[in-house]
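Descriptive analysis of the structure
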Amino acid sequence: MSAERTEVERVAALARLRLSDAEVDQFTSELHGILVHIDELRTLELVEHSDLTPQLRVPLPSTRHEETESPDLLSILPAEMAPVGRDGFIVVPPPPGLAQSAEG
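Residues numbered from 1 in each chain as written. Predicted model: local features only at pLDDT ≥ 70, side-chain atom pairs only at ≥ 80, totals over all residues. Heavy atoms only, no water.

1. Section: the pattern of salt bridges
Threshold: Think of a salt bridge as a Lys or Arg side-chain nitrogen and an Asp or Glu carboxyl oxygen that are within 4 Å of each other. The secondary structure listing takes helices from DSSP runs of H or I that are at least 4 residues long and strands from runs of E that are at least 2 residues long, numbered from the N terminus. Exposure classes here rest on a 1.4 Å probe applied to the protein chains alone. A residue is buried below 20% of its type maximum, exposed above 50%, and partly exposed in between.
Going through the model one piece at a time under the given rule, you end up with 4 salt bridges. For the salt bridge of Arg 5 with Asp 21, the shortest nitrogen-to-oxygen distance reads 3.1 Å. Within this pair, whereas Arg 5 is found in helix α1 (residues 5–14), its partner Asp 21 is found in helix α2 (residues 21–42), the two being separated by 16 residues in sequence. Accessibility expressed as a relative area gives 54% for Asp 21, which makes it exposed.

2. Notes on unusual backbone geometry
Phi angles above zero are rare outside glycine, and Arg 16 is one such case at about 60°. With respect to the helices, strands and loops of the structure, Arg 16 is situated in the loop between α1 and α2.

Written as C-alpha cells, this is what we have:
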C-alpha cells in the first residue's frame, strides 16, 4: 500500500488545510511510511500462545484492596447522590438574589 500526493491533497482539502507543496510532499512521505509499517505488521505470524497471551487474557490484578474499593459512580443514579431530590430530579437551589417559587 502506498500514499499518493492526490490523497494527501484531498484529505487536506476535507480538513480545510492550506498546505504548501513542501508540506504535501512531507505528509505524503510520512503517510507512505505509516502505510508501509502497517503492511509489515500484517505479515507477522503471531503464535497462539505468545509471551503476552497471559496478560491479554487475564485481567490485571487490582492495585487496591477490595475493602477500599468503592462502587462505580456510574452505577449510582444522580438523584441518589444529590442532597435534595424530587420525582427523580435533582433540586437545585435558586441563585442568590432570585426569589424562590411557591413550590420551593
